[in-house]
Amino acid sequence: MPKRSAESLLTAAQGGDRAALARMLSLVERGGEPAREVGRCLGRAGAGDRAAKAGGGDEGAAYAVGLTGAPGSGKSTLTNALVRLLRSRDQQVAVLAVDPSSPYSGGAILGDRVRMGDHALDDGVFIRSMASRGHLGGLAVATPDAVRVLRAVGFDWVLVETVGVGQVEVEVAGQADTTVVVVNPGWGDAVQAAKAGLMEIADVFVVNKADRPGASETRRDLERMLDLSGDTAGWRPPVVAAVATTGDGIDDVWTAVEAHRAHLEAAGELRDRRRRRAADEITRVIAARLLEEARHLTASEEAAALGEEVADGRLDPWSAADHLLDRGVKNL
Ligand SMILES: Nc1nc2c(ncn2[C@@H]2O[C@H](COP(=O)(O)OP(=O)(O)O)[C@@H](O)[C@H]2O)c(=O)[nH]1
Ligand SMILES: [Mg+2]
């Protein structure tokens, strides 16, 4: 650990020091006490902001857009195109590329870096890949922290690209303010999207690679599934066709994202969503710490002896647990 406090890192990052920003994100990613200190520091800074704004809403803070979909569907290419569009409007944009399975393997992330290389020298863009393996509580905890860091540093937009459609990734994408689900023509005829739980989290569908045959069929399939999905709280996810490689349809994708944002803000839903997400996050943090404590409690010799008794049928597991819990929980 360097001597620099989370506060001084934050001040530097807010002043445009990208190394300080990267350092903060590394701390957040690694977890533990340093990550908590970063979180607390952001909380204090946020409290100051709120006081200064005299009760102003949080709608002005960076807006998070999640992009999810099967590997190869074109999320990175689309993200790159969106970054280009946002930069043309003079917006500050950060990209988090989350890879839950392979934090150190180069493949996907290196490829992403190359594809996003257009922006490598642009000050208004910050691109960062995030790992999660081995992280207590997983990226479900780390990603919102990272988004908060980027928010505090003053980015207008945070684009969060997840690498696949596993359960954790869907969860991460669902934590964004607006979630974009990317599918391809014939990509498992949209049914796969439903199977992966994407219908529930999608605010916008993009049928990318619309230069390939079958795009209109896939759009129609998605619209049919949306017809069946009933109550959508006043928002029906638009289905937008795009060709990320040429930029065709990118304006329409962004128009759909902005329409969703306007919908959330008009209805006061943005705050409600963020509040619900915060409650989920707190639950997850508590669950992770309780699990850690449970592992700690059951690692003792006493626990091993009790385990033997349970295995032999001389004791029931509930009594064994009571016995260990009576020792008191220490590390919370
Ligand atoms: N034909 C076509 N290819 C695309 C399009 N968008 C992306 N690709 C290609 O699809 C491949 C995977 O794209 P990538 O953005 O890495 O997908 P990701 O895994 O979802 O991030 C790359 O070779 C892209 O050039 C598109 O709209 N049309
Ligand atoms: Mg990618």
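Now for a description of the structure that goes with this document.

A surface patch of nonpolar side chains, about 280 Å² in accessible area, is lined by Ile 282, Ile 286 and Leu 290. Residue position: Ile 282 is located in helix H12 (residues 269–297).

Time to look at the pairing of strand S4 (residues 157–162). When you tally the buried positions in S4, you get six out of six residues, the bulk of the element. Side chains Trp 157, Leu 159 and Glu 161 project from S4 onto one buried face, and the interleaved Val 158, Val 160 and Thr 162 project onto a second face that is buried too. Where strand S1 (residues 63–69) meets S4, five bridges bridge the pair, whose relative direction is parallel. Bridged to Tyr 63 within S4 is Trp 157. Pairing of strand S2 (residues 93–98) with S4 involves six bridges; the strand directions are parallel. Note on S4: the bridge partner recorded for Val 93 is Trp 157.

We now examine the pattern of salt bridges. Enumeration according to the criterion identifies 20 salt bridges in this entry. In this structure, Arg 236 engages Glu 223 in a salt bridge whose closest nitrogen and oxygen atoms are separated by 2.7 Å. Taken together, the residues span a long stretch of sequence, with Arg 236 in the loop between helix H10 (215–228) and strand S7 (239–242) and Glu 223 in helix H10 at a distance of 13 residues. Exposure remark for Arg 236: the relative accessible area of 38% places this residue in the partly exposed category. Between Glu 265 and Arg 261 there is a salt bridge; the shortest N-O distance is 2.9 Å. Of this pair, Glu 265 and Arg 261 both sit in helix H11 (residues 250–266), separated by four residues, roughly a single helical turn. A relative accessible area of 30% places Glu 265 in the partly exposed class. A single network of salt bridges, built from pairs that share partners, joins Glu 7, Glu 33, Glu 37, Arg 40 and Arg 44.

Gaps between atoms show up when a probe of the same size as a water molecule is rolled over them. In this model, the second largest pocket occupies a volume close to 690 Å³. Sorting the residues of the lining of the second largest pocket by element identifies helix H7 (167–174), helix H9 (198–201), H10, H11 and H12 as the ones contributing at least two each. Counting residues per element, the lining of the second largest pocket draws most heavily on H12, which supplies six residues. By residue class, the composition of the lining of the second largest pocket is 11 nonpolar, seven polar and 10 charged.

What follows covers the packing of aromatic side chains. Scanning the entire structure with this criterion turns up three aromatic pairs. When the centroid spacing of 5.6 Å and the interplanar angle of 75° are considered together, the rings of Tyr 63 and Trp 157 count as edge-to-face. Of this pair, Tyr 63 sits in strand S1 while Trp 157 sits in strand S4, and the two are 94 residues apart along the sequence. With respect to class, Tyr 63 is no different from Trp 157; both count as buried. With centroids separated by 6.3 Å and ring planes inclined at 40°, the aromatic side chains of Phe 126 and Phe 155 adopt a geometry described as tilted.

Rules of the game
Residues numbered from 1 in each chain as written. Chains lettered and ligands numbered in written order. Predicted model: local features only at pLDDT ≥ 70, side-chain atom pairs only at ≥ 80, totals over all residues. Heavy atoms only, no water. Patch = residues over 30% accessible without salt bridge, like charges linked within 9 Å, V, L, I, M, F, W, Y side chains within 5 Å. Areas by Shrake-Rupley, 256 points an atom, 1.4 Å probe, with all protein chains shown as cover. Salt bridge = Lys/Arg side-chain N within 4 Å of Asp/Glu carboxyl O. Helix = DSSP H or I, 4+ residues; strand = E, 2+ residues; numbered from the N terminus. Buried < 20%, exposed > 50% of the residue type's maximum accessible area, 1.4 Å probe, protein only. Pairing = 2+ DSSP bridges. 1 Å grid on protein atoms, 1.4 Å probe; cavity = no way out; pocket = protein on both sides within 12 Å on 5 of 7 lines; lining within 4 Å. Points joined across faces, edges and corners; volume = space filled by probe spheres on them. Nonpolar A, V, L, I, M, F, W, Y, C, P; charged D, E, K, R; others polar. Phe/Tyr/Trp six-rings, centres within 6.5 Å; stacked < 30°, edge-to-face > 60°.

The quantities given are spatial measurements derived from coordinates; they are silent on function.
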